[in-house]
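Examining the three-dimensional arrangement
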2 protein chains.
Amino acid sequence: MTSDKIQLDHGSGGRASQELIARAFLPYFDNVFLNELNDSAAVIWNGFRLAFTTDSYVVDPIFFPGGDIGRLAICGTVNDLAMRGADPRYLSAGFILEEGFPLSDLERILQSMAAASREAGVQVVTGDTKVVPRGAADKIFINTSGLGQIPPGIDVAGQNAAPGDLILVSGTVGDHGLTILSRREGLSFETPLQSDAAPLNGLVRSMLEACPGLHVLRDPTRGGLATTLNEIANQSQVGLEIWEEALPIRNEVIAAAEILGLDPLYLANEGKLVAFLPAEQAEKVLAAMRDQPYGREAVAIGRVLAENPGRVVLKTAIGGRRLLDLLTGEPLPRIC
Amino acid sequence: MTSDKIQLDHGSGGRASQELIARAFLPYFDNVFLNELNDSAAVIWNGFRLAFTTDSYVVDPIFFPGGDIGRLAICGTVNDLAMRGADPRYLSAGFILEEGFPLSDLERILQSMAAASREAGVQVVTGDTKVVPRGAADKIFINTSGLGQIPPGIDVAGQNAAPGDLILVSGTVGDHGLTILSRREGLSFETPLQSDAAPLNGLVRSMLEACPGLHVLRDPTRGGLATTLNEIANQSQVGLEIWEEALPIRNEVIAAAEILGLDPLYLANEGKLVAFLPAEQAEKVLAAMRDQPYGREAVAIGRVLAENPGRVVLKTAIGGRRLLDLLTGEPLPRIC
């Protein structure tokens, strides 16, 4: 640890987060489920595989174009389950509220959580509410944990990427991160930015129907696409080649990111996934994705190589190659 | 709602908490599991009954005699599962850390969580860490969610209390609440107070072995014994008669509570349970409890009546009777 105190980048999802997990958490909670470091743990339950996951949401501002902290809390946990190939079913919701928080805001958030739950087809079955004195928390934090069932024959995990795989992304990247940051900085653009917060379990279901042998699914949230790709390259010990020209990024995101000096590849997404699968299955899966509301802009963005295990290389438009590293530093605390 | 803003007593576990849940939460998350308002939801999973629960921990101070926020976070969730008669198995842990929080404190908390997990025989299989800027949260908040399996034939729930039942408590009440408050107020007493934070699943297992038909189990945390008894009286629509002379309360707790003007019956416990069961089973169950480390001081404290459904009456030492109502107001925010 470079410091003896928690720093913002320990929560970035990037390098410092990984170091904190490896050095502080894993030594104490050493077990095969946690050690896999996937979005959900897959545990065996009476002979069935159950996916279990948790996430706390601390996004600021709590309301933003395209969503709010409540929609994020449902979609994020649904997506973590879906990224194990699981069918999400039951969620818990734990609220930490600051004294003085407007009840009307709470109700708006609950309404949004209910709508997102209906859309995803999950139920919030257990909950908890704590209230802390003014100043001890900022407005509202929400934890959601989730349970899903992994169908027989499905084995989707970050360890499974293999040379020859194609890498798909379900749509444009950077939308959520840039929306939050723009709001916070008080920036406005001609074409308004909007968060992509969405439940992806329907999309995943159609992808697994088209290709039950799909290797890896992951949603590039904190740390963005670049960090997610690095995680998978590491877990599977393969090299990744990403084609810059193929990366789907909205023009308004490119423009805003340029103004703010940020790289959209490191900005959080809340309604996108990356998938790794045998190249010969890619056409069929892309077609299935494009039939789904949250997969219309799905494209292939790269491929898996045996060389350079653990490394992600970006092939640039002009034919150059540069290393796409893990996020270091924290451009954007409280992004989700 | 009496106010349009969240107030501290919305998190007390007492009357205002119940109103908030009924008016704000239940309309949006209307489902049979949540509506039962038990410590855990019991859902059917491939023909097996699975208990699922969540709790956030915001206790202040984070270290206190007898425990810390980490021990509390493990024990509290283990206990919520055990109170459904479930065998706790897997936990999640979600951390919200304030920028600048000492890593040594985090490691001390993680070590304590690991020790409590070992004691309870559960595994933390999935986790999440968020860091918020200085001032946006106070030091550390922990959410734990948990999964347990309810064995066949066990039906323990707040709805099941029946006239003729005896009411048992596993030991002294008020210890945790008064320990926290004394620390916060900087009070010290000749005999030091200590939190009772403990995992109760071993105790519950031995109770269910002695009496599989046990009706109700609940841990009297926020709002204390009085609030818990009121919840059960309401859920089961029965009257409760509690014998003041039988209530186990440590002398130092009585003394400290008197100084602070608090009633130990409304103070949180983190390692105690109340049980409702047919009177003829009570001796056997009490014997089983007293064989367990966390049940040595178990006693019967009252009985269930058909009259006065929803009401809890305290029979005082001098032969009087007074209504033991739900907690109103919040004597003690951030108690767990």
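Thresholds, definitions, all that
Residues numbered from 1 in each chain as written. Chains lettered and ligands numbered in written order. Predicted model: local features only at pLDDT ≥ 70, side-chain atom pairs only at ≥ 80, totals over all residues. Heavy atoms only, no water. Least-squares fit on C-alpha atoms with pLDDT ≥ 70 in both. Contact = heavy atoms within 4.5 Å. Pairing = 2+ DSSP bridges. Helix = DSSP H or I, 4+ residues; strand = E, 2+ residues; numbered from the N terminus. Axes fitted to C-alpha atoms, helices over the stretch in contact; angles between N-to-C directions. Parallel < 35°, antiparallel > 145°, perpendicular 65-115°, else oblique. Left-handed = near helix turned anticlockwise from the far one by under 90°. Nonpolar A, V, L, I, M, F, W, Y, C, P; charged D, E, K, R; others polar. Domains from an automatic or database assignment. Buried area = accessible area lost by both parts, 1.4 Å probe. Salt bridge = Lys/Arg side-chain N within 4 Å of Asp/Glu carboxyl O. Buried < 20%, exposed > 50% of the residue type's maximum accessible area, 1.4 Å probe, protein only. Arc of directions from axis to C-beta. Right-handed = clockwise from strand over helix to strand, strands pointing away. Phe/Tyr/Trp six-rings, centres within 6.5 Å; stacked < 30°, edge-to-face > 60°. Core = buried A, V, L, I, M, F, W, Y, C linked by side-chain atoms within 4.5 Å. Polar contact = N/O pair within 3.5 Å; in protein donor to acceptor, adjacent residues only side chain to side chain.

1. Considering the relation of the copies chain B and chain A
Laying chain B over chain A is done by rotating through 180° and shifting 0.0 Å along the axis; what remains is an RMSD of 0.0 Å. Each copy turns onto its partner about a two-fold axis. Proximity to the rotation axis, assessed at the C-alpha, singles out A137 of chain B in chain B; its C-alpha lies 2.1 Å from the axis. Take the interface residues of chain B: 100% of them recur as interface residues in chain A, which is what a same-surface contact looks like.

2. Quick look at the sheet that holds strand β11 (residues 274-278) of chain A
Residue and element names in this part refer to chain A. The strand order across the open sheet built from seven strands is β9-β11-β8-β12-β10-β13-β14, with neighbouring strands paired in mixed fashion. Every other strand in the sheet has two partners, leaving β9 (216-218) and β14 (321-323) as the edge strands with one partner each. The mean inter-strand angle of the sheet, taken between neighbouring strand axes irrespective of direction, is 25°. By the bridge criterion, three bridges tie strand β13 (residues 312-315) to β14 in an arrangement that is antiparallel. Counted as the bridge partner of K315 is R321 from β14.

3. Digging into the packing of helix α3 (residues 69-82) of chain B against helix α4 (residues 103-120) of chain B
Residues and elements named next belong to chain B. The contact between α3 and α4 brings their axes to 7 Å, and the two run at 30°. Here α3 lies roughly parallel to α4, going by the angle between them. Where α3 crosses over α4, the two elements pack in a sense that is right-handed. The residues of α4 that touch α3, namely those facing I69, G70, R71, I74, C75 and V78, are I109, S112, M113, A116, S117, E119 and A120. Considering only residue class, the contact of α3 with α4 consists of eight nonpolar, three polar and two charged.

4. Brief notes about the domain arrangement of chain A
All names here are of chain A. Split by domain assignment, chain A resolves into domain 1 (8-149) and domain 2 (158-323). Measuring from the centre of the C-alpha atoms in domain 1 to the corresponding centre in domain 2 gives 21 Å. In this assembly, 30 residues from domain 1 lie in contact with 29 residues from domain 2. Contact with domain 2 buries area across many residues of domain 1, yet P65, N79 and M83 alone supply 23% of it, more than any other trio. At the surface where domain 1 touches domain 2, the tally comes to one salt bridge. Linking D87 and R205 is a salt bridge whose minimum nitrogen-to-oxygen distance equals 3.9 Å.

5. Comments concerning helix α8 (residues 251-260) of chain A
Residue and element names in this part refer to chain A. V253, A256 and A257 are the residues of α8 that are buried. In an axial view of α8, the angular spread of the buried residues amounts to 100°, which keeps them on one side of the axis. Residues N251, E258 and I259 are exposed on α8 and point more than 90 degrees away from its buried face. In this structure, the buried side of α8 is in contact with α5 (175-185). G261 sits one or two positions beyond α8 and adopts a positive phi of about 70°.

6. Looking at the pairing of strand β6 (residues 123-132) of chain B
All names here are of chain B. With eight of ten residues buried, β6 is to be regarded as a mostly interior element. Two elements, strand β5 (residues 87-98) and β6, share nine bridges in a ladder whose sense is parallel. Residue pairing in the sheet places Y90 in a bridge with Q123 of β6. As for the winding sense of the linkage, the β-α-β connection from β5 through α4 to β6 is right-handed.

7. A look at the packing of aromatic side chains
Here a ring pair, both rings aromatic, is described through the centre-centre distance and the interplanar angle of the planes. Across all of its chains, the model carries six aromatic pairs over all chains by this definition. The interplanar angle of 65° and the centroid separation of 5.0 Å between the aromatic rings of F25 of chain A and F95 of chain B together place this pair among those described as edge-to-face. In this pair, F25 of chain A sits in helix α1 (residues 15-25) while F95 of chain B sits in strand β5, so the two residues belong to two different chains. F25 of chain A sits in the buried class, given a relative accessible area of 7%. Each ring, one from W45 of chain A and one from Y90 of chain B, has its centre 6.0 Å from the other, and the planes form 55°; the classification is tilted. With W45 of chain A in strand β1 (residues 41-45) and Y90 of chain B in strand β5, this residue pair bridges two chains.

8. Quick look at the environment of I62 of chain A
All names here are of chain A. Assignment of secondary structure puts I62 in the loop between β2 (48-57) and β3 (63-64). A relative accessible area of 4% places I62 in the buried class. Once the C-alpha coordinates of I62 and I109 are considered, the two residues, 47 residues apart in sequence, prove to be 8.8 Å apart. Contacts of I62, omitting those with residues within four sequence positions, involve D68, I69, F101, I109, K139 and I140.

9. Here we look at the nonpolar core
F95, L106, I109, M113 and I140 of chain A are the most contacted members of the largest nonpolar core, which totals 51 residues. Element by element, the count of residues in this core is highest for helix α4 (residues 103-120) of chain A, at eight residues. Apart from residues lying up to four places away in sequence, L106 of chain A is in contact with L97, F101 and I140 of chain A together with I6, L20 and F25 of chain B. Counting 50 residues, the second largest nonpolar core, distinct from the first, contains L34 of chain A together with Y57, F63 and I335 of chain B.

10. Things to note about the pattern of salt bridges
A complete count under the given rule lists 32 salt bridges over all chains for this structure. One salt-bridge network, held together by shared partners, links D55 and R222 of chain A together with D128 and K130 of chain B.

11. Examining the interface of chain B and chain A
Opposite the 79 residues of chain B that make contact, chain A presents 79 residues. Buried area between chain B and chain A, both sides added, is near 7000 Å², and the carbon and sulfur share of it is 69%. Here R222 of chain A and D128 of chain B are joined by a salt bridge, their closest N and O atoms 2.8 Å apart. Counting across the chain B and chain A interface gives 25 residue pairs in polar contact (both at pLDDT 80 or more).

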